[in-house]
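Listed below are the residues making up each chain.
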Number of protein chains: 2
Amino acid sequence: MSENSTNELVAEAARLDDGDELAKLRERFALDDDTVYLDGNSLGALPHTVAPRLAEVVTHEWGRLRIRSWDESGWWTAPERVGDRVGRLIGAAPGQVVVGDSTSVNVFKAVVAAVRIAQEDARGDNRGDIVRDEILVDETTFPTDGYIARSAARLTGCEPRPLPPGEIAAAVGPRTAVVLVNHVDYRTGRLHDLPGITAAARAAGARVVWDLCHSAGALPVDLDAHGVDFAVGCTYKYLNGGPGSPAYLYVARELQPRFDSPLPGWNSHADPFGMDPAYRPADGALRGRVGTPDILSLLALEAALDVWDGVTVEAVRAKSLALTDFFLSCVERHVPAGRVESVSPAAHAERGSQVSLRCLDAAAVMAELIRRGVVGDFRRPDVLRFGFTPLYTSFADAERAARVLGEVLRDVGEVG
Amino acid sequence: MSENSTNELVAEAARLDDGDELAKLRERFALDDDTVYLDGNSLGALPHTVAPRLAEVVTHEWGRLRIRSWDESGWWTAPERVGDRVGRLIGAAPGQVVVGDSTSVNVFKAVVAAVRIAQEDARGDNRGDIVRDEILVDETTFPTDGYIARSAARLTGCEPRPLPPGEIAAAVGPRTAVVLVNHVDYRTGRLHDLPGITAAARAAGARVVWDLCHSAGALPVDLDAHGVDFAVGCTYKYLNGGPGSPAYLYVARELQPRFDSPLPGWNSHADPFGMDPAYRPADGALRGRVGTPDILSLLALEAALDVWDGVTVEAVRAKSLALTDFFLSCVERHVPAGRVESVSPAAHAERGSQVSLRCLDAAAVMAELIRRGVVGDFRRPDVLRFGFTPLYTSFADAERAARVLGEVLRDVGEVG
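Basis of the calculations
- Residues numbered from 1 in each chain as written.
- Chains lettered and ligands numbered in written order.
- Predicted model: local features only at pLDDT ≥ 70, side-chain atom pairs only at ≥ 80, totals over all residues.
- Least-squares fit on C-alpha atoms with pLDDT ≥ 70 in both.
- Contact = placed C-beta atoms within 7 Å.
- Pairing = 2+ DSSP bridges.
- Helix = DSSP H or I, 4+ residues; strand = E, 2+ residues; numbered from the N terminus.
- Axes fitted to C-alpha atoms, helices over the stretch in contact; angles between N-to-C directions.
- Domains from an automatic or database assignment.
- Core = buried A, V, L, I, M, F, W, Y, C linked by C-beta atoms within 7 Å.
- Buried ≥ 20, exposed ≤ 12 C-beta atoms within 10 Å, placed from the backbone.
- Right-handed = clockwise from strand over helix to strand, strands pointing away.

Caption draft 1: A look at the relation of the copies chain B and chain A. It takes a turn of 180° to lay chain B on chain A, together with a shift of 0.0 Å along the axis; the resulting RMSD is 0.0 Å. The two molecules are tied by a two-fold rotation axis, judged by turn and shift. When the interface residues of chain B are mapped onto chain A, 100% of them are again interface residues, pointing to one common binding face.

As structure tokens, this is what we get:
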């Protein structure tokens, strides 16, 4: 590519960054200008708020107050309190989200509880011909969801049925108990039709569980507005909660009294310090709790969520689409023809906040990209993933990433 | 009590502290001399190693290396690495303990997996008359174990059968699939007969799951030596891992190839980054993993375990018994007759590392104790709990706690 043409793209990136109302948010993160970090869809960057807050939690709340902090420092209620803050970003009114455990564990709670509700509904219909014993699973799902769904099926006497997400709405039938789908495909970045699949599942009498790992914090989800039953997600990608930070569970308010958890720990008891041998579940979102919450990680996440102060998900979505559009156009101009192929949808309505490029020798190409300061990741067998986090990714980052990718592919081509 | 007599006890405490080879370990913890902290059986005190290590993890490993830390900083292998360090304290040879999730979630994994193994054994015996469909549960258990055992029973078609721990060994029969018992009772501090119950369960063809929450780090457990099948425990009591720090799961080596987890997350896959839709479990302890490990809490725990450098559990146990003996004798001399009654066993072989005293108005008495700098806790309806952590509790602490308890009871008696 000519130097002029590169200069044009660099200038265009500068113009876009100048006009970006979210640009100043980058200051809220620990980032260095040497690196273009496009792996926030795997591990979000560190918000500056986390380290001082965690130091306070450790030194003062644990170190000095010790056991008193469960009450005095608000530890005990953190799962619901932080849950409400996550809820704001996924369109859930307060009182429906609880933070804790891993995504996998929350998928298990949600799928088993959803099967129980769907089967109870079917019995309530007094129609002996309806046996809800099928769990429809997005066949392109992140593997853990599929493994856990099969385990939930085995333990509840259901059959798992994997299907392409695009066929799920049409396939939901009278046998379907639960539909488990990823909002955004982790590999391709494809955004699935949450309103349509949810409506189809509900119309057929099934319940739906959405995995929001790759959409929460990147685009509007609007769980309440679309009548979603259950949702789960991690907090270490676009929510920047830190490595392995606790996941969350959304249980729609109207289902909470019927939420019958397969993991009824003492933290979800109506009177946890009554130490009652008989389980009596609490009301509300905290019925999704299990054991003692992991306070250090939970409060690190709470501090990380401060970066969202004054930010709307709608503004993030607008910038995300502009960033991925711009990146794709830079790739088209910087990368030698035919060397990469985007597997991420071109249509905005079907695109998450990442761009995945299929590429020969993708593992080696990504290793070289990282060596040259452009951090994305590689997914077998042949995918380069570039995640765009509008809170801290600039248009200049997008241009540089595409430019370095072009250089790497030319160099690899020359060498190999 | 006379001033002379108090002086004698204070002098005796000083002599005991002078002769205590573990006394210098107290320096490894953030403790102040104003407070006698006897609630380490609920939340262990803060080791000085934690804050600087956590700051490094956040600022350098997450903040600068970001995604690279999964490999370069050893994040990915932390659950097994930290598991081996916990293993050393509970008599488990390397490769059998994995850290992650809460105790409740680990009870669920262990009980369901144990039922599956016991039922498979019974089928292998080709004896059609043996149906292993019963889960014997310690009826004095910490509530969460009972709730989770009942959930596991419901999902596997078993019956839960609560029994006093002392009756379990005799009650194990041909229908028993699993026995779930607490090593030390959270309320009374009673130490149950791990070798005897384990042997009885195994002899009857059942599998046994031990909850070590109140014994690990306080006394020798010797899982391998006693042929235990499964064990779980938390790390925030005598292991000082911090509020809600991750729990652990022990799966005896010979059972690992048969460990069929009800929570088969992607982290326990033989090839996690293969992203294979078909689940194929990893070998070894890491088969007990589920989702992405919670790194901040896990590495805080790892740093906290440094306080065990050069310390044996046997020395800790010897001091623990000396401390609780001394506390009981101080209580006898400081506390007005008839005002408290110990519900902790007098026999060393049956005593954990806490002393529980039944007392009228126990909630108010504990509140006043805490106000006067002696921190234990209250358990309904009438129990004062005092936990002794030999790594940082001194004989002077024990004497002062008993003395202040006597003062409080005299003052409360005068007022009320």
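Caption draft 2: Region of interest: the sheet that holds strand E6 (residues 207–211) of chain B. All names here are of chain B. Pairing within the open sheet is mixed, and its 7 strands lie in the order E2-E8-E7-E6-E5-E3-E4. Two strands bound the open sheet, and with one partner strand each, they are strand E2 (97–99) and strand E4 (159–163). The sheet shows a mean angle of 20° between the axes of neighbouring strands, direction not considered. When strand E7 (residues 230–233) meets strand E8 (residues 248–251), the two strands line up antiparallel, connected through 4 bridges. When the bridges of E8 are listed, Phe 230 appears paired with Val 251. Sitting on the sheet, helix H8 (residues 194–203) is in contact with strand E5 (176–182) and E6, with an inclination near 155° to E6.

Caption draft 3: Structural detail: the domain arrangement of chain A. Residue and element names in this part refer to chain A. By the assigned domains, chain A splits into domain 1 (3–30 + 310–415) and domain 2 (54–308). The straight-line distance from the C-alpha centre of domain 1 to that of domain 2 is 31 Å. Contacts between domain 1 and domain 2 engage 22 residues on the former and 15 residues on the latter. Residue assignment for the side of domain 1 that touches domain 2 shows that the elements contributing at least two residues are helix H10 (313–334) and strand E10 (354–359). At 5 residues, the largest contribution of residues to the side of domain 1 that touches domain 2 is made by H10.

Caption draft 4: Inspection of the nonpolar core at higher detail. Ranked by size, the top nonpolar core spans 269 residues in total, and within it Val 111 and Ile 135 of chain A together with Val 111 of chain B carry the most contacts. Sequence-distant contacts of Ile 135 of chain A, defined by excluding residues within four places in its chain, comprise Val 111, Val 115, Ala 149, Ala 152, Ala 153, Cys 158, Pro 160, Arg 161, Ala 177, Val 178 and Leu 180 of chain A.

Caption draft 5: Just helix H9 (residues 295–304) of chain B, in detail. Most of H9 of chain B sits inside the fold, with 10 of its 10 residues counted as buried. Where H9 of chain B is concerned, the buried positions are Ile 295, Leu 296, Ser 297, Leu 298, Leu 299, Ala 300, Leu 301, Glu 302, Ala 303 and Ala 304 of chain B. Looking at the packing, one finds that the buried side of H9 of chain B touches helix H9 (295–304) of chain A together with helix H2 (50–65), helix H4 (78–89) and E2 of chain B.

Caption draft 6: Fine view of the pairing of strand E4 (residues 159–163) of chain A. All names here are of chain A. One ladder, built from 5 bridges, connects strand E3 (residues 134–138) with E4; its direction is parallel. Of the residues in E4, the one forming a bridge with Ile 135 is Pro 160. Crossover E3 to E4 through helix H6 (residues 143–156) is right-handed.

Caption draft 7: Inspection of the sheet that holds strand E9 (residues 340–342) of chain B at higher detail. All names here are of chain B. The strand order across the open sheet formed by 4 strands is E9-E10-E13-E12, and the pairing between neighbours is antiparallel. Whereas interior strands pair on both sides, the edge strands pair on one side only; in this sheet they are E9 and strand E12 (377–379). Between one strand axis and the next, the sheet turns through 35° on average, direction left out of account. Its contacts with the sheet place helix H10 (residues 313–334) against E9, strand E10 (354–359) and strand E13 (383–387), and it is angled at close to 25° to E10.

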